[in-house]
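Chain by chain, the residues:
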Amino acid sequence: TTTHPSCREPWPCGRLWGAMTPARAALLAILPCVASSFVLRRPQFRVAALSMVEYDKAAKEEKAKNLLRNLDEAFEYEGRLPATPVPAAGTSDDFRCGFVGIVGAPNMGKSTLLNALLDTDLCVATNRPQTTRHSILGVLTTEDCQLCFYDTPGVIEDPAYKLQEGMMEAVKGALMNSEVLLVVTDLFSTPIPDDNLFAKLKKSNRPTIVVINKVDLADKVNPNSEENDEAGRTITVFDAVARWRELLPDATAIIPACASEGPEDVGVKAVRQLLTGGPDVPAAIRDLGRPIPAMFQEGVKFISNEEAKGILPTSPPLYDEDTLTDRSERFFASEMIRATLFEKLKKEMPYCCEVRVTEFKEPKPGDKNPMIRMKATILVERDSQKGIVVGKGGQMIKDVGVDARKKLEDFFGERVHLELFVKVEKDWRRNEKKLQMYGYLPSKK
């Protein structure tokens, strides 16, 4: 006689067991395996009166939690996003944390804005469109919140080759994974060129802040220019705010800014306080100057600190408080060299170039002359392009090396020895395997 876990009365099994004499040996042989399986799958908490489906689901969830804990213990390295976030010491129950996706058309100043918000030159920024090719994480941590920014490539309506397709996948990934959206445009209300992507953004039902960047251009615009006749184009801050309120009526706020002025720009300060929830959001908004109609939703005159704190979800921090990004030093070194190519080379040449850091040696402790020693290869698609990058008598590659080295030394705070090489990788922008190798496309298993 046995007792079923969900029953109070004995289970009459004696006669049934007697009738099963021929099968006893086989059943006894497998019984230890069944018992062992039951113990492994049973959750640590009591599962009473559950149906078999509910029990199986609970067991799988507990097994998944244990697996995540084991992964966290087995893999530990700087910048790793934990599978099971644990509140940092000193964080409160109302700590807020979330991902903020920065999106917009090319050359809107998204990277410049992120650098200003972080008060750190994390992302390379040039006056050329499509400088950013990857989605780059930037982390801003305060006493009561953590903002995890995604700087994304400029949106392209019709990607011309595999590289641009990969760039647009990065944008879509940021949109999908972000709790808050930061849409960056300019004084002229340059729209997001992909209608389908903009429609998804509009229907996302996530807190959205629009930044009207480059408002300093208002004093330089020729009001009589024929360009002003383009549909949707604006040349004043008031018109730009009104235009974007029409495009995104549910946007939490539309803030004019000049990101190139850095972290002290009043617009940048207002955006930062809106996202962090203080210390004084109303004062930051007043610092913008004369109130602009349509800056906030209909019927809203200002946003309080408490309302701003509702933009981010309540969550423990995902990164250590001193984490700035999850990208490696090699990655940023390659980005700085590539940015120098954008500055030195003309027309379409920089878009054909990729930079791979092949050697990165930090100085050893006790070195009398500490220096980072670095080797990097510039990849181009044609022999003719290689000649342009090298330059007559090697002058161009020399100039690129000198300027890039200055950027690297400013970034790393140490002397840098840089060697540059140029190599032809035919049609690398269209080669799926190479783009996977360079991190532009996910690897296929």
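Preceding this paragraph is the structure being described.
> Summarise the overall build of the chain; cite the residues concerned and give the values.
Check the secondary structure of the chain and you find 14 helices and nine strands. When contacts within the chain are restricted to residue pairs at least 6 apart in sequence, those whose partners lie at least 24 apart make up 68%. Carbon and sulfur atoms form 52% of the exposed surface of the chain, whose accessible area is close to 25,300 Å².

> I'd like a rundown of the pairing of strand β1 (residues 96–103), residues and numbers included.
By the criterion of burial, β1 is predominantly enclosed, with eight of the eight residues buried. By the bridge criterion, seven bridges tie β1 to strand β3 (residues 145–151) in an arrangement that is parallel. The partner of arginine 96 across the bridge, within β3, is cysteine 145. Here four bridges tie β1 to strand β4 (residues 180–186), and the two strands are oriented parallel to one another. Among the inter-strand pairings, isoleucine 102 is bridged to a residue of β4, identified as leucine 182.

> An account of empty space enclosed by the protein is needed here, citing residue identities and associated values.
Rolling a probe over the atoms, with the probe sized like a water molecule, indicates the empty space that remains. Applying the stated criterion to the full structure yields one cavity of 30 Å³ or more. Volume-wise, the largest cavity comes out at about 40 Å³. In this structure, the largest cavity is lined by Gln130, Arg133, Tyr161, Leu163, Gln164, Met167 and Tyr351. In terms of residue class, the lining of the largest cavity is built from four nonpolar, two polar and one charged.

> Let's hear about the packing of aromatic side chains: which residues, and what values?
Following the criterion strictly, the structure yields nine aromatic pairs and no others. Ring centres 5.1 Å apart and planes at 85° place the aromatic pair phenylalanine 342 and tyrosine 351 in the edge-to-face group. The buried category is assigned to phenylalanine 342, whose relative accessible area is 2%. According to the relative accessible area criterion, tyrosine 351 is buried, its value standing at 9%. Directly above the ring of tyrosine 161 sits arginine 429, whose terminal nitrogen or CZ lies 4.3 Å from the centroid.

> Which residues make up a positive patch on the surface, and what values do they have?
Taken together, the side chains of Lys361, Lys364, Arg373 and Arg415 define a basic patch exposed on the protein surface. Summarising the element assignment, arginine 415 is placed in the loop between α13 (395–412) and β9 (416–424).

> Lay out the nonpolar core with the relevant residues and their values.
By size, the foremost hydrophobic cluster in this structure holds 105 residues, and its most contacted members are Phe149, Leu182, Trp244, Met374, Ile378 and Val389. The element that contributes the greatest number of residues to this core is helix α11 (residues 329–344), accounting for seven residues. Discounting residues that sit within four places of it in the chain, phenylalanine 149 has contacts with Val100, Ile102, Leu114, Leu117, Leu118, Ile136, Leu137, Gly138, Leu140, Leu182 and Leu275. With ten residues, the next largest nonpolar core counts Leu137, Tyr150, Ala174 and Leu318 among its residues.

Cut-offs and rules
- Residues numbered from 1 in each chain as written.
- Predicted model: local features only at pLDDT ≥ 70, side-chain atom pairs only at ≥ 80, totals over all residues.
- Heavy atoms only, no water.
- Helix = DSSP H or I, 4+ residues; strand = E, 2+ residues; numbered from the N terminus.
- Contact = heavy atoms within 4.5 Å.
- Areas by Shrake-Rupley, 256 points an atom, 1.4 Å probe, with all protein chains shown as cover.
- Buried < 20%, exposed > 50% of the residue type's maximum accessible area, 1.4 Å probe, protein only.
- Pairing = 2+ DSSP bridges.
- 1 Å grid on protein atoms, 1.4 Å probe; cavity = no way out; pocket = protein on both sides within 12 Å on 5 of 7 lines; lining within 4 Å.
- Points joined across faces, edges and corners; volume = space filled by probe spheres on them.
- Nonpolar A, V, L, I, M, F, W, Y, C, P; charged D, E, K, R; others polar.
- Phe/Tyr/Trp six-rings, centres within 6.5 Å; stacked < 30°, edge-to-face > 60°.
- Lys NZ or Arg CZ within 6 Å of the ring centre and 35° of its normal.
- Patch = residues over 30% accessible without salt bridge, like charges linked within 9 Å, V, L, I, M, F, W, Y side chains within 5 Å.
- Salt bridge = Lys/Arg side-chain N within 4 Å of Asp/Glu carboxyl O.
- Lys, Arg positive; Asp, Glu negative; His and termini not counted.
- Charge placed at Lys NZ, Arg CZ, Asp CG, Glu CD.
- Core = buried A, V, L, I, M, F, W, Y, C linked by side-chain atoms within 4.5 Å.

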